Amino acid sequence: MFVTSLILGLVGVFCILDSRLLGRLNFERPLITCTIVGLILGDLPTGLAVGASIELMSLGLVVIGAAAPPDMNMAAIICSAFAILTDASTETALALAIPIAVLGQMLGVVMRTILSNLTHAADHAIEQGNFRRATSMHILWGTVLYSLMYFVPIFLAVYLGTDFVQKLVEVIPAWLTDGLNLGSKFLTAYGISLLMSSMLNKSLMPFFLLGFFLVGYLGLNITAIAIFACIIAIVLTGLKFRGGAAAASASGAPVADDYDPLEDDDL
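Residues numbered from 1 in each chain as written. Predicted model: local features only at pLDDT ≥ 70, side-chain atom pairs only at ≥ 80, totals over all residues. Heavy atoms only, no water.

A. A look at the overall build of the protein. Scanning the protein from terminus to terminus reveals 12 helices and 0 strands. When the helices and strands of the protein are read in sequence order from the N terminus, they spell out α-α-α-α-α-α-α-α-α-α-α-α. Among the 267 residues that make up the protein, the fraction classed as buried is 30%. A separation threshold of at least 6 residues defines the contact pool for the protein, and within that pool the share at least 24 residues apart is 68%. For the protein, the exposed area adds up to about 16,300 Å²; of that, 69% sits on carbon and sulfur atoms. (Helix = DSSP H or I, 4+ residues; strand = E, 2+ residues; numbered from the N terminus. Buried < 20%, exposed > 50% of the residue type's maximum accessible area, 1.4 Å probe, protein only. Contact = heavy atoms within 4.5 Å. Areas by Shrake-Rupley, 256 points an atom, 1.4 Å probe, with all protein chains shown as cover.)

B. Representation of helix H6 (residues 97–127). Taking 1.5 Å of rise per residue, 31 residues should cover 45 Å, and H6 covers 44 Å from first to last C-alpha, within 8% of that figure. Ala97, Ile98, Pro99, Ile100, Ala101, Gly104, Gly108, Met111, Leu115, Leu118, Ala122 and Ala125 are the residues of H6 that are buried. (Expected span 1.5 Å × (residues − 1).)

C. Spatial organisation of the packing of aromatic side chains. Within the structure shown, the criterion is met by 6 aromatic pairs. When the ring of phenylalanine 212 is compared with that of phenylalanine 213, the centres are 5.4 Å apart and the planes differ by 80°; the resulting orientation is edge-to-face. By the ring-pair criterion, three or more aromatic residues cluster together here, those being Phe2, Phe151, Phe155 and Tyr159. (Phe/Tyr/Trp six-rings, centres within 6.5 Å; stacked < 30°, edge-to-face > 60°.)

D. Just the environment of valine 215, in detail. Structurally, the position occupied by valine 215 is in helix H10 (residues 205–218). Overall, the relative accessible area of 36% leaves valine 215 in the partly exposed class. It is 7.8 Å that separates the C-alpha atoms of valine 215 and isoleucine 225, two residues lying 10 residues apart in sequence. Sequence-distant contacts of valine 215, that is, excluding residues within four places in its chain, are made with Leu220 and Ile225.

E. Here's a closer look at the nonpolar core. In terms of nonpolar packing, the biggest core is built from 41 residues, with Val50, Ile54, Cys79, Ile100 and Ile154 touching the most fellow members. Within the residue set of this core, elements represented by two or more residues are helix H1 (2–16), helix H2 (30–41), helix H3 (44–59), helix H4 (72–86), helix H5 (90–94), H6 and helix H7 (131–159). Residues within four places of valine 50 in sequence aside, it is in contact with Cys34, Cys79, Ser80, Ala83, Thr90 and Leu94. (Core = buried A, V, L, I, M, F, W, Y, C linked by side-chain atoms within 4.5 Å.)

F. The arrangement of the packing of H2 against H3 in detail. Running from amino to carboxyl end, H2 crosses H3 at an angle of 165°, the nearest separation of the two axes being 7 Å. The pairing of H2 with H3 is recorded here as roughly antiparallel in orientation. Crossing of H2 over H3 shows right-handed handedness. The residues of H3 that touch H2, namely those facing Pro30, Leu31, Cys34, Thr35, Gly38 and Leu39, are Leu44, Gly47, Leu48, Val50, Gly51, Ala52, Ile54, Glu55 and Ser58. Tallied by class, residues from the contact of H2 with H3 come to 9 nonpolar, 5 polar and 1 charged. (Axes fitted to C-alpha atoms, helices over the stretch in contact; angles between N-to-C directions. Parallel < 35°, antiparallel > 145°, perpendicular 65-115°, else oblique. Left-handed = near helix turned anticlockwise from the far one by under 90°. Nonpolar A, V, L, I, M, F, W, Y, C, P; charged D, E, K, R; others polar.)

G. Representation of the state of the cysteines in the model. Applying the stated rule across the entire model yields 0 disulfides. Cysteine 15 takes part in no disulfide bond, and the closest cysteine sulfur, belonging to cysteine 34, lies 9.4 Å away. Summary of cysteine pairing: cysteine 79 is not part of a disulfide, and the nearest cysteine sulfur, belonging to cysteine 34, is at 7.7 Å. Given the relative accessible area of 0%, cysteine 79 is considered buried. (Disulfide = S-S within 2.5 Å.)

H. Looking closely at the packing of H1 against H7. Remark: H1 packs on H7, axes separated minimally by 8 Å, with the N-to-C direction vectors making an angle of 150°. With respect to H7, the axis of H1 lies roughly antiparallel. Where H1 crosses over H7, the handedness of that crossing is right-handed. Residues Phe2, Thr4, Ser5, Leu6, Leu8, Gly9, Leu10, Gly12, Val13 and Ile16 of H1 pack against Tyr146, Ser147, Tyr150, Phe151, Ile154, Phe155, Val158 and Tyr159 of H7. Its residues placed into classes, the contact of H1 with H7 shows 13 nonpolar, 5 polar and no charged.

I. View of the side chain of threonine 35. Checked against the element boundaries, threonine 35 lands in helix H2. Assessed through its relative accessible area of 19%, threonine 35 is described here as buried. Beyond its immediate stretch of four places on either side in the chain, threonine 35 contacts Leu44, Gly47 and Leu48.

J. Representation of the environment of glycine 47 within the structure. Its place among the elements puts glycine 47 in helix H3. Look at glycine 47 and you get buried, because its relative accessible area is 0%.

In C-alpha cells:
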C-alpha cells in the first residue's frame, strides 16, 4: 500500500503541474486523471466510470477571476482509488467527491496566499539584482509547494486506508453532507446541459443520436461507443483534410502561408 500511495501521490503531482509547469495537456481533467488511476490499479472500467461522473460535475463549475474552485482533480484521484481498492460502487465513491473537492479548495486558497508572498520576495530579489533567487521563487519553490499540496493529502488518504477517509467524512454534519450531495447532482445536471448545448446543432446532432441509439438498441457500453467515435472521427478528418492546402483552396477557403494568428492585425 505504501508503494501504491506513493505512485498515486506522484500522479497527483503530475496532474497539478500540467497547467502550471508543463503547459496544458488536459491531464488535470478528472476523466483523464481517473483513467490513469484505473490503469495503475488495474481496473480501467471503474476509473472511467468515476472519472466520467466527476468530469460532468466539474463541467458545472465556473471559475471567475482569481476565485479558487473546488478541486475536482484531487477528488477524482482519491475517489477513483477508493472505489477500486475497496470494490465500492461508483455512487459510494462519488459521495466523497464534493467534501474532498472542498478540502482541496481550502488548501488551494492557503497555497495562493503563500505564493503571493513568494511573489513579493521575488520582486525584492530582482530589485537587489539577485535574479537566481527570483527564478527559484517562481520555478522551484512554487513547484515544490504546489506538489506538496497534492502529494500529502492523496498519499495520506490512500495509505491510511478508507477508514481515514470515512472518518473524515463522518466528521462533516449530516445536513452539510446531504446539501453537498444535492449540489453534486445539480452540478452533474448542469454539466450535462453545458455539454448538450455544444451538440445541439445540425452538424453534431446526427453523431449524438447515433451514439444514443447504439447504446439503446445494441446494448454497447460507453467504452465501445468511445472507440467507434474515435474511429469515425479519424476517418472523417482524413476525408475532410485530404490533400491539405490544395483541398482547402479548392473549397474556397483562404490560404495564407505567412499568417500568424498571434500577430496584431491592427498594426
